[in-house]
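Geometric and topological summary
Listed here are the chains, written in short residue letters.
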Amino acid sequence: MILAAGAWGHIINVLMAPLFLSVLWIGRARFPTQSSVVVLGSTVIILCGHALFSALSHAQISSTDPICDALTQRGIHPAICEGAISYLDKDSSHGLKKVADKFLNTEALPDIALLMGLALLAPIIFVLQHHIARTVALATALSGAALLPLFFVAVDWGRFVSVQIFGFSVLMMVGYLTGAVREKRQITPGQILVCLVIGLIFSIGHVKGVSTLGALSSLYLILQ
């Protein structure tokens, strides 16, 4: 419910509606009544549908200045205006051109290969060592596919991949709880250590490439 309500916070959460609905479907046996699943599912559809309609109805504005001024006057750092807000006065062709300029060239291939390689490492290890029910596999594929349009209209590829990894992790955990995902052979401590070290040292860049001292640097900033 909280995640569905988050659709009003960012449009990417709207495209995660298939993930929310898949979690309800796979985990439906753990709810006290089936009617509660229907109510929650309907709520997700209504909230995300309304947020999507609102976003499409106000897809472009003449100027971002009123929004930026309102935020900065309340003490928020001006950098807030350099992200998604800066796109509000541009049409979809602007995003398509930026994606083409940044990724559709041979110079970007090493960055893309590194990004995808790191992103797929843990999921591949997991899939090879588990029996995954067809319903969970299908839900995972549909949830991931729902986010694919973002890769064509915005350059935040690293963030989109991170969201897909989050969705994969959530569905596998729900699958574990319901028995739809079972161990084929146990993941070794060495494999866990490799993924843990990589996760601590490297993180996927917001757009492309990787950042060193990924989780460690974030932990350091939190503890400061």
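First things first, this report covers the structure right here in the doc. (Residues numbered from 1 in each chain as written. Predicted model: local features only at pLDDT ≥ 70, side-chain atom pairs only at ≥ 80, totals over all residues. Heavy atoms only, no water.)

1. Topic: the overall build of the protein chain
Assigned secondary structure in the protein chain consists of eleven helices and four strands. For the protein chain, with 224 residues in total, the buried portion stands at 29%. In the protein chain, the proportion of contacts linking residues at least 24 apart, taken out of those at least 6 apart, comes to 72%. Per element, the accessible surface of the protein chain, about 13,800 Å² overall, is 70% carbon and sulfur. (Helix = DSSP H or I, 4+ residues; strand = E, 2+ residues; numbered from the N terminus. Buried < 20%, exposed > 50% of the residue type's maximum accessible area, 1.4 Å probe, protein only. Contact = heavy atoms within 4.5 Å. Areas by Shrake-Rupley, 256 points an atom, 1.4 Å probe, with all protein chains shown as cover.)

2. What about the state of the cysteines?
All chains considered together, the criterion is met by one disulfide. Note that C68 is cross-linked by a disulfide to C81, the S-S spacing being 2.4 Å. With C68 in helix α4 (residues 65-72) and C81 in the loop between α4 and α5 (92-103), this pair connects stretches of sequence that are 13 residues apart. What makes C68 buried here is its relative accessible area of 10%. With a relative accessible area of 15%, C81 lands in the buried category. (Disulfide = S-S within 2.5 Å.)

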